[in-house]
Amino acid sequence: MSDLGFLVAPLVAAAALIWAFATFRRVRAEPAGPPEMTVIADAIAEGAGAFLRRAYRAVAVFVAVLAAVVVALGAAGHGLLPPLTAVTFVAGAACSLLAGYTGMRAAVIANVRTAAAATTSLGAALRVAFAGGSVMGLAVPGLGLLGVSACTLLLADPANPASLAAVNGFALGASSVALFARVAGGIYTKGADVGADLVGKVEAGLAEDDARNPAVIADNVGDNVGDVAGMGADLFESFVGSLIAALAIGAMVKPLGAAALAIPFWLCAAGLLACLCAGALVRPGRPRDPGGPLRRATLTAEALFLVAAYGITVLGYHQPRLFGAVACGLGVAVAIGLVTEHYTAAGRRPVAAIAEASQTGAATLLIAGLAVGMTSTAWPALTVALGMLGAYEFGGLYGVALAAVGMLATTATTLTVDAYGPIADNAGGIAEMSHQPPEVRARTDALDAAGNTTAAIGKGVAVGSAALTALALFAAYAAEAHIVQVDLLAPRVIAGLLLGGMLPHLFSAMAMRAVGRAAGRMVAEVRRQFREIPGLLQGTARPNYARCVDISTAAALAEMRVPGALAIALPLLVGFVLGREALAGLLAGSLVTGVLLAIQMANSGGAMDNAKKAIEAGAHGGPGSPAHAAAVVGDTVGDPFKDTAGPALNILVKLMAIVALVFAPLFR
């Protein structure tokens, strides 16, 4: 069975990609609706495509430069760094770019078709949105598993653990692209969103997605480039990172031999098959609550995977303790999802408390929102800690790595329900701007409400997966660098801890300031158009949507470079100057502060967003009330928390661990 794992995994990955392509064609064949819908959808698609083309050109330059650095350091290291690392690095970056583009392309095709289906029924709209999200859901783990499998089959020899080092470059490529995609996409979408809300809603009193708002197309474009392409790159990196960490540690587990390398491939393939089956079994029908089929899809995939994992580890390899480690990882994913839903879902006590605080102004609402986010770090931290301890008890460091694989094995379904959210949101905007009947907008709003909850849960799972994946990569780095234990009293280790603890805060500040600058330019442009275009607010003139799209694009590309370069340069600098133990301290410090800060920001932002939506639904005076104005301010502050800085921190902690793992042989 051991040898078959290396062959079955790429076959399953290829099958998932074929299914994703077939689903893409099926979604594209759906009716696109009347011309008034397609005109708006074409503008969104054009803006998203223009952003990705410009962003990908910038990322391609960065990838080429970093590949040259890898080659140069490999040459200077006199063979300590495998020469093919640069090749796998480029391959990982290319697969990540392709996964993000595929998902975004499917989303911009599905949004208008979801809106058109909503003219028929809620179930039809849910079916199209779910299918559109599944293209991204299948493409990300499909490309990740196929890429790592191909690199392992072509470059590695299971009998020679050192040969696996070249495969680490694939994860470095995935992480590098993910960071830029998350940062650039987050700056883009939140710069547009803040401008659309502050000027359109608060100052002009316009409704959500009002066609008179010049920033509304840029806002809808941002949903695709940030929440689809960015989230896809994020989980692509986690999926690849967890698999490669398991391979790196598994190569050193002597009693299992080649089985330690095959088991992670078997688990990833089983998870992908479980997601395919769950997607085929779940049918929307005539749902009262669109969230029901989405939850069934998630739970079905997790249950099927758990059964398959038992068969692989217990029946196939006679390793029941490893099944316990995998179950720990899956349990962490479920628990974090439930905790995130409690703190961010509409109708739950934390969100209701934030909405109630809006009655006394924006200041008290912000205090309540920030407190909810801080409180929400406790249970996830405890959950990750218990999951890690349980996995270690079952299988040592290899068990921790398998827990990360178990947590991410059902990535396809997680991403499907996450990508569904922006599709539903865009569908609602298209319905509003094309002046569809009220019942159509009511159906898209029902889809969007379910999407807000699934998006918040997706962000929670992304944070949890970042924690376990970073822990696994940290363990792999320690093994590669021959570090048995870290002395916390050593001055260099303490210096590394302080630098690592500082970096997530500095990184977040840079991302937040970037959003602030982009939003400032957007606010000025929206005000200018309201002031200078006669008849715009009266609906007799058309806004200049393209100008707002261009402002967000230029700001995102200009602001993403420094944070991205810092995340790669600092680990290298610490490793070369202070040594491998100091770098271990850096990784530990960044992991602790980065994960907790990411949870706090994601949940604060998500809770304040849903508090605003609760008020827009009629609570505390409804739209136009002082409570609504306060909630809009809170949501505006929370937006870069949950969609820019918070998600980027997930990638930061993993990227630094990957950099450390790849270049470990060169550090003294």
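Here the residue numbers are simple positions, counted from 1 along each chain's written sequence. Residue-level local features of this predicted model are given only where pLDDT is at least 70; pairs of side-chain atoms are given and counted only at 80 or more, and the full residue set underlies all totals for whole chains, interfaces and linings. Note that water and hydrogens are dropped before the side-chain values are worked out from all heavy atoms of the structure.

Right, let's get into the side chain of Gln 600. Secondary structure elements follow DSSP: runs of H or I no shorter than four residues count as helices, runs of E no shorter than two count as strands, and numbering proceeds from the N terminus. Along the polypeptide, Gln 600 turns up in helix α18 (residues 580-616). Any residue under 20% of the maximum accessible area for its type is buried, any over 50% is exposed, and the rest in between are partly exposed; the area is computed with a 1.4 Å probe on protein chains only. Given the relative accessible area of 10%, Gln 600 is considered buried. Here, residues are in contact when the closest pair of their heavy atoms is within 4.5 Å. In this structure Gln 600 touches Leu 370, Gly 373, Met 374, Thr 377 and Phe 641, once residues within four positions along its chain are discounted.

Stacked, edge-to-face and tilted are the three classes for Phe, Tyr and Trp ring pairs, Trp counted by its six-membered ring, which pair at centre distances within 6.5 Å; planes under 30 degrees apart are stacked, over 60 edge-to-face, the rest tilted. Under the definition given, this model contains five aromatic pairs. Geometrically, the ring pair formed by Phe 576 and Phe 667 is edge-to-face, given 5.0 Å between the ring centres and 80 degrees between the ring planes. Residue Phe 576 is found in helix α17 (residues 561-577), and its partner Phe 667 is found in the segment after α19 (626-663); the two are separated by 91 residues along the sequence. The class for Phe 576 is partly exposed, based on a relative accessible area of 36%.

Attention now goes to the pattern of salt bridges. What makes a salt bridge here is a side-chain nitrogen of Lys or Arg within 4 Å of a carboxyl oxygen of Asp or Glu, nothing more. Counted under the stated rule, the structure contains 19 salt bridges. With its nearest N and O atoms 3.5 Å apart, the salt bridge here joins Arg 182 to Asp 234. Of this pair, Arg 182 sits in helix α5 (residues 168-203) while Asp 234 sits in helix α6 (residues 216-250), placing them 52 residues apart in sequence. According to the relative accessible area criterion, Arg 182 is buried, its value standing at 3%. Classification of Asp 234 by relative accessible area gives buried; the value is 0%.

So, about the packing of helix α8 (residues 291-316) against helix α13 (residues 411-433). To obtain an axis, a line is fitted to C-alpha atoms, over the contacting stretch when the element is a helix, and the angle between two such axes runs from 0 to 180 degrees between their N-to-C directions. At a closest axis distance of 9 Å, the pairing of α8 and α13 adopts a crossing angle of 165 degrees. As judged from the angle between their axes, α8 and α13 are roughly antiparallel. In the packing of α8 onto α13, the handedness of the crossing is left-handed. Between α8 and α13, the contacting residues are Leu 294, Ala 297, Thr 298 and Ala 301 on the first element and Thr 413, Val 417 and Tyr 420 on the second. An angle below 35 degrees is treated as roughly parallel, one above 145 as roughly antiparallel, one from 65 to 115 as roughly perpendicular, and anything else as oblique. The handedness criterion is simple: a crossing whose near helix is rotated anticlockwise from the far helix by less than a right angle is left-handed, and one whose near helix is rotated clockwise is right-handed.

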